[in-house]
Amino acid sequence: MNKTYHELTLTLDEPYVDLIADYIMNIYDEGLEFGTGKIVIRSENDLNFVKDALLSLEEHLEQDIHMHFTLKEKENKDWIKTYQESIQPVEAGKFYIFPSWYAPKEGCINIKIDPALAFGSGHHATTSSCLEAVSKYVHKEDNVIDVGCGSGILGLAAKKLGATVSLCDTDPLSVKSCRENFLLNKTPYDALWEGSVDKAEGPYDIVIANIIADVLRFIATDLKQSVKEEGYLILSGILDKKEMLVKTSFSELTLEERILKDEWVTLVYKK
C-alpha cells in the first residue's frame, strides 16, 4: 500500500449525482462514494483521467450540471475495505444481488456482482427496475440482447432465467467487466462485443437498454429494428423530466408498463 492516495471530490447539482456516478463506474474500477450533491473518488493512482472524462461528458450533455472538482493527495488508509463494508446485498424482482464478500441467499436467483467494477450493481433505481422487468417479461428460451450492458447484471439475470443472451457496450472497460462477472457467476454468455446494437444479428424477443435518455433517442431506430414482432423493448436510465422525449422516439410501439423509482423511469414497450 502506498503512503498516500489521491482523492477527487466532485460537487454537482443533486439530480445528476446518480447519473454521473454510474458514468464514473463505467471508466473507473475502484470504489467511490456519493451523497447529496457530491461524489468522492479515491485511488492510489492519478485521477486526472476521470476529471478529463467528466469534462468531456459535460460538453456533450444538453444541460449544464454545474460540476466542480477538488483533487487532493492524502495519507493512505484501507478505504477499499471501508467501502466494501458499506455495500449491502439487494433484492430486485426474482433476484438477489450480492458482492463477493457476502453469501448467496436461498430461495432467490443469486447474482454475484462486485459493484465498483462497472455500471450495474442492482442498487441504482434504473438497474433495480430493469431487474423487475426482466423477472416479468423474460422467459426460458427467449432470445435477449442487453445493449449498453455495463457490468452485465441484466444479461446475467436473463441467462439465469434460461434465455439466450447477447451483450454489447461501446466502452471496453464495461465489456471486460461484463466478461469477468459472467465468469464470477460461472455462467456462459452467448455473444459479447464492443460496440452497439447496430452490430447485432437479431431480431430478439427482448431488447434491454439501460442507458441515458439522450443515447436511447440517438439509437432508437436500431433498437426498434432489433425487436421481433410481438417482442418487448425494456428502456431505462431515463430521468422523469426526459420521459416524454424518449416516448416520442418510440411512439409507434405499445407502452405495456411504466416503472418509476425515485426520479428514474423504466418503460416496457411491445412491438
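It should be noted that the structure appears before, not after, this text.
The residue numbering used here restarts from 1 in each chain and proceeds along that chain's sequence as written. At least 70 in pLDDT is required for a residue's local features to be given in this predicted model, at least 80 for side-chain atom pairs to be given and counted, and no such filter applies to totals for whole chains, interfaces and linings, which use all residues. For the side-chain quantities, the full set of heavy atoms in the structure was used; hydrogens and water were omitted.

Caption draft 1: Highlighting helix 1 (residues 17-27). For helix 1, a buried count of nine out of eleven residues is recorded, marking the element as mostly surrounded by other parts of the structure. Turning to helix 1, its buried residues number three or more, namely Val-17, Leu-19, Ile-20, Ala-21, Asp-22, Ile-24, Met-25, Asn-26 and Ile-27. Taken together, the buried residues of helix 1 touch strand 1 (4-11), strand 2 (32-35), strand 3 (38-43), helix 2 (48-60), helix 6 (172-184) and strand 14 (264-270). To sort residues, take the accessible area from a 1.4 Å probe on protein chains only and compare it with the maximum for the residue type: under 20% means buried, over 50% means exposed, and anything in between is partly exposed. In DSSP terms, a helix is any run of H or I states spanning at least four residues, a strand is any run of E spanning at least two, and both are numbered starting from the N terminus. Any two residues whose heavy atoms approach within 4.5 Å at even a single point are treated as in contact.

Caption draft 2: Highlighting the sheet that holds strand 2. Paired strands, as defined in this entry, are two strands with at least two bridges between them according to DSSP. Taken in spatial order, the four strands of this open sheet run 2-3-1-4, and their pairing is antiparallel. A strand with exactly one partner marks an edge of an open sheet, and here the two such strands are strand 2 and strand 4 (68-75). Strand-to-strand twist of the sheet, defined as the mean angle between neighbouring strand axes without regard to direction, takes the value 15°. Relative to strand 4, strand 1 runs antiparallel, the two being bridged by eight bridges. Note on strand 4: the bridge partner recorded for Leu-10 is Phe-69. Axes here mean lines fitted to C-alpha atoms, for a helix over just the part in contact, with angles spanning 0 to 180 degrees between N-to-C directions. Against the sheet, helix 1 engages strand 1, strand 2 and strand 3, with an angle of about 170° to strand 2.

Caption draft 3: Local environment of the packing of helix 1 against helix 2. Interaxial distance between helix 1 and helix 2 falls to 11 Å at its minimum, and their mutual angle equals 130°. With respect to each other, helix 1 and helix 2 are oriented oblique. In terms of crossing hand, the pair formed by helix 1 and helix 2 is right-handed. When helix 1 is examined against helix 2, the residues Ile-20, Tyr-23, Ile-24 and Ile-27 are found in contact with a partner set consisting of Phe-49, Val-50, Ala-53, Leu-54 and Leu-57. Basically, the charged four are Asp, Glu, Lys and Arg, the nonpolar ten are Ala, Val, Leu, Ile, Met, Phe, Trp, Tyr, Cys and Pro, and anything else, Gly included, counts as polar. Among the residues making up the contact of helix 1 with helix 2, the classes are represented as nine nonpolar, no polar and no charged. In these notes the angle categories are as follows: under 35 degrees is roughly parallel, over 145 is roughly antiparallel, 65 to 115 is roughly perpendicular, and the rest is oblique. Crossings are classed by handedness, with left-handed meaning an anticlockwise turn of the near helix from the far one by less than a right angle and right-handed meaning a clockwise turn.

Caption draft 4: View of the pairing of strand 14. With six of seven residues buried, strand 14 lies mostly within the body of the structure. As paired elements, strand 13 (residues 254-261) and strand 14 share seven bridges and run antiparallel to each other. When the sheet's bridge partners are listed, Ile-259 is paired in strand 14 with Thr-266. Two successive antiparallel strands, strand 13 and strand 14, enclose a turn made up of two residues, where Asp-262 displays a positive phi of approximately 55°.

Remember that the coordinates give geometry; whether it matters functionally is a separate question.
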